[in-house]
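# Observations on chain architecture
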Amino acid sequence: MQPVRGALAKVVASVVVAGTLLLGGALPASAASTAPSASPSPSASSSSSASSAPAASPSASSAPAASSSRSPSGGLLPADGRAWFGPDLDWGSDAPDGYAGRLGAVPSVYGVEIEYPFDRSAREEFLRATRAAAAQGAVLAVSLEPSRALDTLTRADARTANRLFQQVHEQYDTQLLVRFAPQMNGTWVQWGQQPTAFVSAFRTLAAAVHAGDSDAAMVWSPSYGAGYPFGESAGRLEDLTDADVARLDTNGDGRLTAADDPYGPYWPGARSVDWVGLSMFSFGKGKATEAAGRDVPLTSNELPEAGEVEARFDETWGYEEPQTAGSFTERFAQGQDRPMVLDTGALYDHSLRGADELAIKQAWWRQVIAAVQDRPEVRAVTFLETNRREPEAGNRVADWRDTAVPGIAGSFRTDLEQSRHFVDGPVTERVTPQDGAAAISQEYETGGDQMAWIVWCAFGLAAAFLLSGIVGRLLPSWRYPDDGKPGRDLRLDLFRGFIILAVVITHIEIGGPYSYITLHAVGAITGAEMFVFLSGMVLGMTYPFAIKKFGEWVAAVGAWKRARKQYVVTLAVILVVFALSFVPFLNTDAITTFTDRGTGTGGVVAEGRVYDLYPNAMQLLAYPPPWFAIRQFLLLEMGPWPFNIMGLFVVLSLFIPLCMWVVRRGFWWALLVVSWGLYALQALVPELRPLNSQFESVFPLLTWQVVFTHGLVLGYYRRQVIGALTGRLGKVLIGIGITGYALFLVYVWAGNHFGFTPVPFPASMYDTLYNTAYQRVDLQWGRLVDIAFFAIVSYAILTVFWKPIATVLGWLWIPIGQASLYVFVWQVFFALAIASIPGVDWYNGWIGFAAHTLLILLVWYMIRKRFLFSVIPR
């Protein structure tokens, strides 16, 4: 059973909101001045209510069909006559977001180096790179670098790798180019010049990959052969096996020399190879006689020779003896009918004199672009983008980057664009962290079952509302003792406690009766709407007293300080969770990633897709951390999914002084006009995201502000509103509205279930009503009506039945409600703790019931003991 998020929040929120609205209206002026803190209690950020928009079609950012095709083996290829391009990144200090930002364009391929076989660390690095590339719709070229001797690599290692490739392909439709043990003909890698073991290991991995359905392409990628065998040639065969001697001594003279074939001995065979590749780098030494030898010191930065890249492709540049077998591209790309990927770049040493950096790098990439355009077999080019120590440069730090300097990056982008040969990203479907945040909303493709709950919850609450009128007359002693004395309104506290418990149960994804309630009740309302509305209402009640006591400016500063505190707490939670991800026995993936249930915006086809909600968090550990990672952190573009609504509260809190300045001058109607204008703007332009923070995918700012704004206005004018609603005409109108809404829902439900047309409505109305009126993310009209409906009903119930409700539940809900922000912070870590306990069947109903009950009691006990109250805000 897939865990469902936010339903409890629904039930909770419903009742609570109602209580809120009505409660606020009932507060006497003296009580309002000491009402609960205006710091909003966060909502079930991911409260999945059936939020429900119909499943969305694939993102508009998906790759255009014209930009790619399929290879005979089933993998993706760029369109004929075009090539992918992108960087081979240093993922420890860089990331796709940073590179694309510096270049000013989105690449179509990224390169990453991963140790093989996959251990836990390598697996995490691979998944991070895969998710980052998928977020830009890019191909991922994975260089698997053996960390053990080639002859110790097993079929089990290959099967493990293939399972990982299949997993990411299923989740993201990612295209992988797997460069196994690249540059295997060189001496600078530990797997180098071992042809027998290399061919065997390559074939083993290729067999596992080809037997799977990952569509991963196996890439055979040696280094350009000039300078081969890259060291002392005499006696090199003495330490090799007989099989290696037979392979490497291609001219049969008993020695490994420059006359031997630098490629053929390492060829695994056409059955194992899907792509061929070649590493071709410029080491800044200029002359062919110097560029291939580490023993030739780099004394100055020199321009590459004219026609150098073309000569390399022709296999005529830098060889001591001419190559008679033909060029690499003729033999293996054209001859074997295989697409080719070129890994290239130009080195620059900032400590040396000579030609300037732009001149050297531009001369090189222009030669590469020109040569690739003349060779249609080259279907991808990766440019080395790193800063590292190079033996070729005397072990000094060498700069291979083409985008580190804005002027160089701009020239590089211009030359790529003018060639019209390279394909920009995306070339695969983009799977972004924003998609992950949107999936948290758990939207439903159809709403029939959800509508049934909405219908009968509304009917039941309408009946309870009518009953409260009778009980209020017969048992006045049960009413809330609203005697006008200063103090907290405990109805608000109880209401908040109800909601925050729903949030805790929702976010701790285990089965049981509590979770069943959160899934089904209360109708279309979730904790999210209620917390936003309640927060605005309480602030509308309390803010005027702050102005009266301290003045308008001091009250405004206090509101901004409160927003700052919420922001700092949010950043702290994000960082603490990130730090905990390094603790081996903690399963932080449970809250730092989100697995699509097939009920998100991507629909059923996205089921099982895992979204990374901490994009580029690892870059925060770099020194200095790159700006793009800092920006994403500060703008709350990362964070645990159970906490994301805090960003909405932070932003809304910033606008409280301005909104209340307008309301206090009697222009509340103007504020509401602007609020509805923003709501309409978001409806017309749904992709509009002013901040692009994580919360905006689930709680679009311009949409959700309408609930908060109405809460502010109603809180400020609560006495007038309550007076109007409790007058004779108000009671009649409210009674008609409550019963009319409930009867309307029952009527269309009956038409659907008993086969008649609910005139004047169409016969199909019930089937479409959920998806056209009750989507949570968009706060459609049905949900907005439900907010008012539940607010009124909750107020009546909490007021008339206060004593029995408070006797049974007040001891638990009231203190929890008074410390709701404290509980909201802790629920993130409760969810993490539960997810980190192995071997427990959390979907067993009895276990789920016991776990939820113990956690609720633990929260209550922590509040009673004021545990860490001085550290965690309440």
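Procedures and definitions
One numbering rule holds for all chains: residues counted from 1, following each sequence as written. Since the coordinates come from a predicted model, pLDDT governs what is reported: local features require at least 70, and pairs of side-chain atoms require 80 or more to be given and counted, while whole-chain, interface and lining totals use all residues. Water and hydrogen atoms play no part in the side-chain values, which are based on all heavy atoms of the structure. The pocket and cavity definitions rest on a 1 Å grid over protein atoms only: a 1.4 Å probe that fits but cannot leave marks a cavity, an open set with protein on both sides within 12 Å along at least five of seven lines marks a pocket, and residues lining either have an atom within 4 Å of a point. Grid points are joined across faces, edges and corners, and a volume is the space filled by probe spheres set on the points. The nonpolar class holds Ala, Val, Leu, Ile, Met, Phe, Trp, Tyr, Cys and Pro. Asp, Glu, Lys and Arg form the charged class, and all remaining residues, Gly among them, are polar. Secondary structure elements are defined from DSSP: runs of H or I of at least 4 residues count as helices, runs of E of at least 2 residues count as strands, and each element is numbered from the N terminus. When accessible area is computed with a 1.4 Å probe and restricted to protein chains, residues below 20% of their type maximum are described as buried, those above 50% as exposed, and intermediate ones as partly exposed. Pairing between two strands is assigned when DSSP locates at least 2 bridges connecting them. Consider the strands pointing away from the viewer: the crossover is right-handed when the path from the first strand over the helix to the second runs clockwise. By convention a nonpolar core is built from buried Ala, Val, Leu, Ile, Met, Phe, Trp, Tyr and Cys residues, the set being connected through side-chain atoms within 4.5 Å.

Let us now look at empty space enclosed by the protein. One pass over the full model with this rule turns up 2 cavities of 30 Å³ or more. By volume, the largest cavity is sized at about 70 Å³. Lining the largest cavity, in full, are Thr570, Ile574, Leu636, Met638, Gly639, Pro640, Phe643, Asn644, Gly647 and Gln694. The residue inventory of the lining of the largest cavity, partitioned by class, reads 5 nonpolar, 5 polar and no charged. One number sums up the size of the second largest cavity: a volume of about 40 Å³. As for the second largest cavity, its lining consists of 12 residues, of which Ser282, Gly284, Lys285, Gly286 and Glu308 are closest to the centre. Its residues placed into classes, the lining of the second largest cavity shows 5 nonpolar, 3 polar and 4 charged.

What follows covers unusual backbone geometry. A cis amide bond, omega 10°, links Tyr228 with the succeeding residue Pro229. Its place among the elements puts Pro229 in the loop between strand 7 (217–220) and helix 7 (242–248). Cis geometry marks the peptide bond from Val759 to Pro760, where omega comes out at 10°. Structurally, Pro760 is set in the loop between helix 26 (728–754) and helix 27 (765–773). Positive phi outside glycine occurs at Asn395, with the angle close to 65°.

A few words on the pairing of strand 4 (residues 109–116). Burial of strand 4 is extensive: 6 of the 8 residues sit out of reach of the surface. Across 8 bridges, the pairing between strand 4 and strand 5 (residues 139–146) is parallel. Residue pairing across strands places Val112 opposite Val142, the latter belonging to strand 5. A crossover links strand 4 with its parallel partner strand 5, the connecting element being helix 4 (residues 120–135), and its sense is right-handed.

To continue, consider the nonpolar core. Of all hydrophobic cores here, the largest spans 235 residues; its most connected members are Phe126, Phe180 and Trp220. In terms of nonpolar packing, the next biggest core, distinct from the first, is built from 14 residues, Trp84, Leu177, Val219 and Trp275 among them.

Purely spatial values, then, with no claim about function.
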